[in-house]
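Spelled out from the first residue to the last, the chains are:
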Amino acid sequence: NEGDIIFLGPGTTVLAMAHHMRSKSNITILTNSFPVVNELANTNNIIYFLGGILNGNEYSVTGTFANSMLETFCANKAFIGCGGISLQHGITDFSAPTADVNRLMVKNATKSILLCSGDKLRSNAFSIVCPLSEIDVMISDESLDAQDAEAIRGFGIDLHIAAVDE
């Protein structure tokens with residue numbers, strides 16, 4: 001929404017959301033993702049880019065500098081992706097430094113929104129980001145089966161199923 005301050009993490013699902021934000025204006029965005037910055041660079045928004053160590057696999061920055069910078073900001077909403085989701089371990093990522101950044105985004109946001117495809121449920125990636133109880137909203141796709149959807153809602157998460165654009 002106009003006037004929001006938001007965190008946008010790295011990943012293809014968050015990038016897809018950033019693409020749909022191009023028409024939005026007057027939003028303050030803080031991100032560690034080069035693709036997100038490229039997507040939103042010519043919009044009427046304020047963009048803060050975290051400093052840190054380049055992760056060439058996902059074109060993002062992580063590490064001590066990124067974490068220190070994140071610790072000084074608060075946001076209305078954090079939009080993060082994930083490598084996996086399990087009912088036992090919660091949100092996980094393949095990279096420990098990326099998990100650290102996402103964890104701080106969730107911690108310093110009023111509302112945490114997980115963007116992920118349904119096929120990531122019931123799989124663990126390497127590093128734990130946060131338990132499911134710290135996620136307020138999850139936006140997924142039609143590949144999330146009904147049983148898994150009910151399990152997600154059982155954690156008090158507001159689940160939305162989005163149509164997939166081809």
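For the structure itself, consult the block above.
(A) Summary view of the overall build of the protein. The number of helices and strands found in the protein is 5 helices and 12 strands. Against the compact-globule benchmark of 15 Å for 166 residues, the protein has a radius of gyration of 15 Å, which places it among compact chains. For the C-alpha atoms alone, the extent of the protein along its principal axes is close to 40 × 35 × 30 Å. The buried share of the protein, taken over its 166 residues, is 47%. Taking as baseline every contact in the protein between residues at least 6 positions apart, the subset at least 24 positions apart corresponds to 58%. Of the side chains in the protein, 9 bear a positive and 18 a negative charge, and the two mean positions are spaced by 4 Å.

(B) Geometry of the sheet that holds strand 8 (residues 90-93). If you trace the 3 strands from one edge of the open sheet to the other, you get 7-8-10, paired in antiparallel fashion. Single-partner strands in this sheet number two, and they are strand 7 (84-86) and strand 10 (127-130). With strand direction ignored, the average angle separating the axes of adjacent strands in the sheet is 35°. Note that strand 7 and strand 8 share 3 bridges and pair antiparallel. Counted as the bridge partner of Ile85 is Ile91 from strand 8. Packing of helix 4 (residues 96-107) onto the sheet brings it into contact with strand 8 and strand 10, and relative to strand 10 it is tilted by some 10°.

(C) Highlighting the side chain of Asp148. With respect to the secondary-structure elements, Asp148 resides in helix 5 (residues 146-153). One polar contact links Asp148 to Arg122, side chain to side chain, over a distance of 2.6 Å. Filtering out sequence-adjacent residues up to four positions away, Asp148 remains in contact with Leu121 and Arg122.

(D) Representation of the nonpolar core. The biggest cluster of nonpolar side chains holds 31 residues, and the ones touching the most others in it are Phe7, Leu70, Ile80, Ile85, Ile91, Leu114 and Met138. Among the secondary structure elements, those contributing two or more residues to this core are helix 3 (64-70), strand 6 (75-80), helix 4, strand 9 (109-115), strand 10 and helix 5. At 5 residues, helix 4 tops the list of elements feeding residues into this core. Residues contacting Ile91, with those up to four places away along its chain left out, are Ile80, Cys82, Gly84, Ile85, Leu114, Ser127, Ile128, Val129, Cys130, Leu132 and Ile135. Judged by nonpolar contacts, the second largest core, of 14 residues, contains Met21, Ile29, Leu40 and Ile113.

(E) Layout of the pattern of salt bridges. Under the criterion given, the structure shown has 5 salt bridges. Here Asp148 ties to Arg122 by a salt bridge, and the two come within 2.6 Å at their closest N and O atoms. Remark: Arg122 occurs in the loop between strand 9 and strand 10 and Asp148 occurs in helix 5; sequence separation between them is 26 residues. For Asp148, a relative accessible area of 7% translates into the label buried.

(F) Up close: the packing of aromatic side chains. Evaluated as defined, the whole model comprises 2 aromatic pairs. Arranged with centres 5.5 Å apart and planes meeting at 55°, the rings of Tyr48 and Phe73 form a pair that is tilted. Here Tyr48 is found in strand 3 (residues 46-49), whereas its partner Phe73 is found in the loop between helix 3 and strand 6, with 25 residues between them in sequence. Taking relative accessible area as the criterion, Phe73 reaches 24% and is therefore assigned partly exposed.

Procedures and definitions
- Residues numbered from 1 in each chain as written.
- Predicted model: local features only at pLDDT ≥ 70, side-chain atom pairs only at ≥ 80, totals over all residues.
- Heavy atoms only, no water.
- Helix = DSSP H or I, 4+ residues; strand = E, 2+ residues; numbered from the N terminus.
- Rg over C-alpha atoms; globule rule 2.2 N^0.38 Å.
- Buried < 20%, exposed > 50% of the residue type's maximum accessible area, 1.4 Å probe, protein only.
- Contact = heavy atoms within 4.5 Å.
- Lys, Arg positive; Asp, Glu negative; His and termini not counted.
- Charge placed at Lys NZ, Arg CZ, Asp CG, Glu CD.
- Pairing = 2+ DSSP bridges.
- Axes fitted to C-alpha atoms, helices over the stretch in contact; angles between N-to-C directions.
- Polar contact = N/O pair within 3.5 Å; in protein donor to acceptor, adjacent residues only side chain to side chain.
- Core = buried A, V, L, I, M, F, W, Y, C linked by side-chain atoms within 4.5 Å.
- Salt bridge = Lys/Arg side-chain N within 4 Å of Asp/Glu carboxyl O.
- Phe/Tyr/Trp six-rings, centres within 6.5 Å; stacked < 30°, edge-to-face > 60°.

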